[in-house]
Amino acid sequence: MKFGGTSVKDAGRIRGMIDIVGSEDLSQGLVVVCSAMKGVTDDLIRAAHDAAAGLDAYTEVFDAIRLRHHKAVFDLLPEESANTTWAGIESQLLELQEILHGVYLIRECSLRTQDLVMSFGERLNNQVCAAYACTKNMKATYVDARLLIVTDDAYGNGMVDFTESYQRISRYFEQLWAGGSKNQLAFVAGFIAATKDGITTTLGRNGSDYSASILGAGLNVQDIEIWTDVDGVLSCDPRLVKQAFVIDDLSVEEAMEMSYFGAEVLHPYTMIPAVEKNIPLWIKNTMNPAVRGTKIAKECGQSRHDVTGLAVVKDVALINVVGGGMIGTRGTASRIFAALLKAGTNVIMISQASSEHSISIVVKKNEANHAVTVLRHELTSAIQGRLIQAVELVPALDIVSIIGASMKGKPGVSGRLFTALGNSRINILAIAQGSSEMNISCVIEAKDREQALNSIHQAFFPEAHA
Ligand code: ADP
Ligand code: ASP
Ligand code: MG
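Now for a look at the structure at hand.

### Some remarks on the overall build of the chain
Then comes step 1: From N to C terminus, the chain includes 14 helices and 16 strands.
Then comes step 2: The C-alpha radius of gyration of the chain comes to 24 Å, within 12% of the 23 Å expected for a compact globule of 466 residues.
Then comes step 3: Counting the 466 residues in the chain, one finds 53% classified as buried.
Then comes step 4: When the accessible surface of the chain is summed, it comes to about 20,500 Å², and 50% of that surface belongs to carbon and sulfur atoms.
Then comes step 5: Considering the chain, the positive charge centre built from 42 side chains and the negative charge centre built from 52 side chains are found 3 Å apart.

### Re the site of ligand 1
Then comes step 1: The immediate surroundings of ligand 1 are formed by 18 residues, with N206, T228, D229, L234 and R239 found nearest.
Then comes step 2: Interatomic distance of 3.0 Å between a side-chain N/O atom of N206 and an oxygen atom of ligand 1.
Then comes step 3: For ligand 1, whose unbound accessible area comes to 570 Å², protein coverage reaches 91%.
Then comes step 4: Of the residues assigned to the shell around ligand 1, the class counts are eight nonpolar, five polar and five charged.

### As for the pattern of salt bridges
Then comes step 1: For the coordinates displayed, the defined rule picks out 19 salt bridges.
Then comes step 2: A salt bridge links R66 to E90; its shortest N-O distance comes to 3.0 Å. Placement of R66 in helix α3 (residues 58-76) and of E90 in helix α4 (residues 79-106) is noted, with a sequence separation of 24 residues between them.
Then comes step 3: Take R66: its relative accessible area is 28%, and that puts it in the partly exposed class.
Then comes step 4: For E90, a relative accessible area of 29% corresponds to the partly exposed category.

### Thoughts on the sheet that holds strand β8 (residues 249-251)
Then comes step 1: Overall, mixed pairing links the eight strands, which are arranged β3-β4-β2-β1-β7-β9-β10-β8 in an open sheet. Of all strands in the sheet, those bounded by a partner on one side alone are β3 (139-143) and β8.
Then comes step 2: Across four bridges, the pairing between strand β2 (residues 31-34) and strand β4 (residues 184-189) is parallel. Within the sheet, the bridge partner assigned to V33 lies in β4 and is V188.
Then comes step 3: Helix-sheet contacts for helix α5 (residues 111-135) involve β2, β3 and β4, and the interaxial angle to β4 is about 160 degrees.
Then comes step 4: In the packing of helix α6 (residues 162-176) onto the sheet, the strands contacted are β2, β3 and β4, and the crossing angle to β4 comes to about 145 degrees.

### Regarding the site of ligand 2
Then comes step 1: Around ligand 2 sit S35, T41, E122, F191, R205, N206, G207 and S208, and that is every residue in its neighbourhood.
Then comes step 2: At 3.2 Å, a side-chain N or O of S35 approaches an oxygen atom of ligand 2.
Then comes step 3: When the free accessible area of ligand 2 is taken as 260 Å², the share hidden by the protein chains comes to 88%.
Then comes step 4: Across the shell around ligand 2, the residue classes break down as one nonpolar, five polar and two charged.

### Re the packing of helix α10 (residues 332-343) against helix α11 (residues 365-378)
Then comes step 1: At a minimum axis distance of 9 Å, the contact between α10 and α11 shows a crossing angle of 130 degrees. Here α11 runs oblique to α10, going by the angle between their axes. Between α10 and α11 lies a crossing whose hand is right-handed. Two secondary-structure elements touch here, α10 through R335, I336, A339, L340, K342 and A343 and α11 through H370, A371, V374, L375 and E378.
Then comes step 2: Of the residues in the contact of α10 with α11, the class split is seven nonpolar, one polar and three charged.

### A few points about the environment of G422
Then comes step 1: Within the element layout of this structure, G422 appears in helix α13 (residues 413-423).
Then comes step 2: Each C-alpha atom of the pair G422 and A452 lies 9.5 Å from the other, and the pair is 30 residues apart in sequence.

Rules behind the numbers
Residues numbered from 1 in each chain as written. Chains lettered and ligands numbered in written order. Predicted model: local features only at pLDDT ≥ 70, side-chain atom pairs only at ≥ 80, totals over all residues. Heavy atoms only, no water. Helix = DSSP H or I, 4+ residues; strand = E, 2+ residues; numbered from the N terminus. Rg over C-alpha atoms; globule rule 2.2 N^0.38 Å. Buried < 20%, exposed > 50% of the residue type's maximum accessible area, 1.4 Å probe, protein only. Areas by Shrake-Rupley, 256 points an atom, 1.4 Å probe, with all protein chains shown as cover. Lys, Arg positive; Asp, Glu negative; His and termini not counted. Charge placed at Lys NZ, Arg CZ, Asp CG, Glu CD. Near = heavy atom within 4 Å. Polar contact = N/O pair within 3.5 Å; in protein donor to acceptor, adjacent residues only side chain to side chain. Nonpolar A, V, L, I, M, F, W, Y, C, P; charged D, E, K, R; others polar. Salt bridge = Lys/Arg side-chain N within 4 Å of Asp/Glu carboxyl O. Pairing = 2+ DSSP bridges. Contact = heavy atoms within 4.5 Å. Axes fitted to C-alpha atoms, helices over the stretch in contact; angles between N-to-C directions. Parallel < 35°, antiparallel > 145°, perpendicular 65-115°, else oblique. Left-handed = near helix turned anticlockwise from the far one by under 90°.

Laid out in structure tokens, this is it:
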């Protein structure tokens, strides 16, 4: 069971989480993965950045983090247990304070250091949760995920070494549950991992979902439950479309597309370990535990709609590489992508007109300027030889996508999408459809985001808007 930041954001929510955990049959073996308290990861990043910029304000951010944990510990635990738990937490906070002071002195915070700073959020919170569970007559232990999940040294976004991680996970739990009694409940810090050498890494923002899935797959569990603050995966981000409704069943591919194309309810990699071991994933609501939630599995019933859901990737930019000289010329795309690799740019979406006159590449807004500079530099000879006329940047865009396995082979779906956007007078800057026919994506101006999603949602799910 994984509980996200909102579900463990303070003493009240931690109590709610433990009620849910306590209603399980704990003799079967249960692993709980908690996130940091909501907002703490952002605060830790802010503290590190302030410190690196030489701003004293980092100490205030640190004090606020300290206070939140202090309050949770003393709200939740009886005095004696609170004092012992706090002593442990306090000594780790002291370490965090020293690290931040170090960053402040050297005015520099590498991604490696930032991972270490961020790791405190999950580490501290899971210790608080485990201590509280113990006061509720559960046998609970805190487990540092850095002992279990191994990644490479791509700080900020570690790539998991599954063979090594699965070995460590089974070894650890064989010992914890030695003798066959599995009633020892484990609280494992989400989001964090370590390299083979034990240097702290993270799995990317929102990565606790992925941690839970890796642990579940490593232990071949019956199912993996992701507990969050909505009733399941919805047909669209409910903050943008009021009428969004719960999708009861979702195929693994659909869930991957939804999360890759912006539905932050799930980290996009979460499905990978689960599907490999054929373990179903459930998305459930901590504020509404009685509701069934969404089941994500390899086999799932066909959606009764042509489209299963909508998603949006915010804050992207479009790079258009335009030039008559690209027509029929071999290797242009390869040179463009080599340049983007050199720039360290992650390409989210590509589209090329069949005239080959232009290639459109969608990247994150904050990577766009650098990507354009590198592209212009790497393509200098083609630009001078007039094979490429321009490398243009169009900022302030979003990608909106419709996703669903039932679209495959069904004519007219894209027509309905474009009609919906056209009727709302929304301009489309680029379009892409994967050959899997599981998604159609359009690039639009960011200012049109809500209007676009609402009109598309209404076009495909009219009954939700009736
Ligand atoms: P957690 O802290 O539990 O990991 P997140 O904030 O990461 O939760 O993800 C849950 C949030 O994702 C929801 O509150 C909702 O606003 C947002 N969200 C975006 N798209 C969707 C979607 N399609 N279905 C459900 N929630 C979505
Ligand atoms: N706390 C981390 C984040 O905010 C990981 C997570 O919540 O899943 O990104
Ligand atoms: Mg999340």
